[in-house]
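Here's the letter readout for the chains.
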Amino acid sequence: MELNFQERLPLIQDWATILFAIAFILIAVNRNIFTSRFYEFSNLAFSDKYVKIYKDSSNMSNSFTITMFIVQLISFSFFIHLLISSVQNRDKTEMILFIQVFTFLSVFILSKYLIEKIISVTFHIEDFTEQFNLFKVSYRTYFGFILLPINMVLYYNNIVNEWIYLSIAIILFALNLITYSITLRNYQNLLLRKIFYFILYLCTLEIAPYYFIYYWVTKN
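Residues numbered from 1 in each chain as written. Predicted model: local features only at pLDDT ≥ 70, side-chain atom pairs only at ≥ 80, totals over all residues. Heavy atoms only, no water.

Examining the overall build of the protein
Part 1: A count of helical and extended segments in the protein gives 9 helices and 0 strands.
Part 2: Ordering the α and β elements of the protein from the N terminus gives α-α-α-α-α-α-α-α-α.
Part 3: The proportion of buried residues among the 220 residues of the protein is 38%.
Part 4: Contacts spanning at least 24 positions in sequence make up 78% of the contacts within the protein whose residues lie at least 6 apart.
Part 5: Total accessible area computed for the protein in this model is approximately 13,800 Å², and 67% of it derives from carbon and sulfur atoms. (Helix = DSSP H or I, 4+ residues; strand = E, 2+ residues; numbered from the N terminus. Buried < 20%, exposed > 50% of the residue type's maximum accessible area, 1.4 Å probe, protein only. Contact = heavy atoms within 4.5 Å. Areas by Shrake-Rupley, 256 points an atom, 1.4 Å probe, with all protein chains shown as cover.)

Okay, structure coming up:
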């Protein structure tokens, strides 16, 4: 009797659904534990009360901020995954591509944050950078929060028009520019006192990294 052995590979058949479930579970937990904070956060597009109440630097390590940051990473990584799949005509159910995007985005953000901490301590601008980062994280987390259901619609429907993905990417980029302009307006008095350090900070950590990413993507 001839025996044929076949290797069994444990594959996650619907990894995207699991990711969406994790993201929504984190949101639901935060909504129940941090009820008032979540309410102010959900109204961030209409009111800046959230960033005024939770502007203390200790909020960067708060469990609400950390868990919502995880939701942001999942949401943005998934959108980039869908964007690449659309532009390169790849299978959007390809899990390896998402893992690559998620890993790169996580390392990029965390490395950038650590470098910012080193520079802020060196030039004694810790208070500014902590508030500046908290302001950016709050709005970017909100963008990721809004983007999550859009990702679900794009993933579970056969939308092959790459201009839809590019339009969303342009809108997100424009919203980030608006966030920067609001931040600069809110901290203009502090910036004028430390304008040299801010220009160095801006060029080193807010322009150069994205320029190199753009250069690397266009060349590869």
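Regarding the pattern of salt bridges
Two side chains that carry opposite charge are able to pair once their charged atoms sit near each other.
Part 1: Summed over all chains, the structure comprises 2 salt bridges.
Part 2: One salt bridge connects Lys49 with Glu40, and the closest N-O pair in it is separated by 3.6 Å.
Part 3: The class for Glu40 is buried, based on a relative accessible area of 14%.
Part 4: One salt bridge in this structure joins Arg90 and Glu94, with 2.9 Å as the shortest N-O distance.
Part 5: Classification of Glu94 by relative accessible area gives partly exposed; the value is 26%. (Salt bridge = Lys/Arg side-chain N within 4 Å of Asp/Glu carboxyl O.)

Examining a nonpolar patch on the surface
Part 1: Together, Ile25, Val29 and Ile33 make up an exposed nonpolar region whose accessible area comes to about 280 Å².
Part 2: Among the secondary structure elements, Val29 is positioned in helix 1 (residues 15–33).
Part 3: Looking at Val29, the relative accessible area reads 38%, which means it is partly exposed. (Patch = residues over 30% accessible without salt bridge, like charges linked within 9 Å, V, L, I, M, F, W, Y side chains within 5 Å.)

What about helix 2 (residues 35–42)?
Part 1: Of all the positions in helix 2, only Arg37, Phe38, Glu40 and Phe41 are classed as buried. All buried residues of helix 2 fall inside an arc of 160° around its axis, so they share one side. In helix 2, the exposed positions that point more than 90 degrees away from the buried face belong to Ser36 and Tyr39.
Part 2: On its buried side, helix 2 packs onto helix 1, helix 3 (49–53), helix 4 (63–87) and helix 6 (126–156). (Arc of directions from axis to C-beta.)

Section: the side chain of Thr67
Part 1: Looking at where Thr67 falls in the secondary structure, it is placed in helix 4.
Part 2: On the basis of relative accessibility, which here comes to 19%, the residue Thr67 falls in the buried class.
Part 3: Of the polar contacts made by the side chain of Thr67, one reaches the backbone oxygen of Phe64; its length is 3.1 Å.
Part 4: In this structure, Thr67 is in contact with Leu26 and Asn30, ignoring residues within four places of it in sequence. (Polar contact = N/O pair within 3.5 Å; in protein donor to acceptor, adjacent residues only side chain to side chain.)

Some remarks on the packing of helix 5 (residues 95–122) against helix 6
Part 1: Contact geometry for helix 5 and helix 6: axes closest at 8 Å, N-to-C directions at 155°. In this view, helix 5 runs roughly antiparallel relative to helix 6, as classed from their interaxial angle. Of helix 6, the residues touching helix 5 (which contributes Lys112, Tyr113, Glu116, Lys117, Ser120 and Val121) are Glu126, Thr129, Glu130, Asn133 and Lys136.
Part 2: Its residues placed into classes, the contact of helix 5 with helix 6 shows 2 nonpolar, 3 polar and 6 charged. (Axes fitted to C-alpha atoms, helices over the stretch in contact; angles between N-to-C directions. Parallel < 35°, antiparallel > 145°, perpendicular 65-115°, else oblique. Nonpolar A, V, L, I, M, F, W, Y, C, P; charged D, E, K, R; others polar.)

Quick look at the layout of surface pockets
Part 1: There is about 170 Å³ of room inside the second largest pocket.
Part 2: Around the second largest pocket, the lining residues are Leu82, Ser85, Ser86, Asn89, Arg90, Asp91, Lys92, Asn157, Asn158, Ile159, Val160 and Tyr165.
Part 3: Top contributing element to the lining of the second largest pocket by residue count: helix 4, with 3 residues.
Part 4: Class assignment for the residues of the lining of the second largest pocket results in 4 nonpolar, 5 polar and 3 charged. (1 Å grid on protein atoms, 1.4 Å probe; cavity = no way out; pocket = protein on both sides within 12 Å on 5 of 7 lines; lining within 4 Å. Points joined across faces, edges and corners; volume = space filled by probe spheres on them.)

A few points about the packing of helix 2 against helix 4
Part 1: Closest axis-to-axis distance for the helix 2/helix 4 pair is 12 Å, and the angle between their directions is 50°. Judged by the angle between their axes, helix 2 and helix 4 are oblique. Between helix 2 and helix 4 lies a crossing of right-handed hand. The residues of helix 4 that touch helix 2, namely those facing Arg37, Phe38 and Phe41, are Phe64, Thr65 and Met68.
Part 2: Across the contact of helix 2 with helix 4, the residue classes break down as 4 nonpolar, 1 polar and 1 charged. (Left-handed = near helix turned anticlockwise from the far one by under 90°.)

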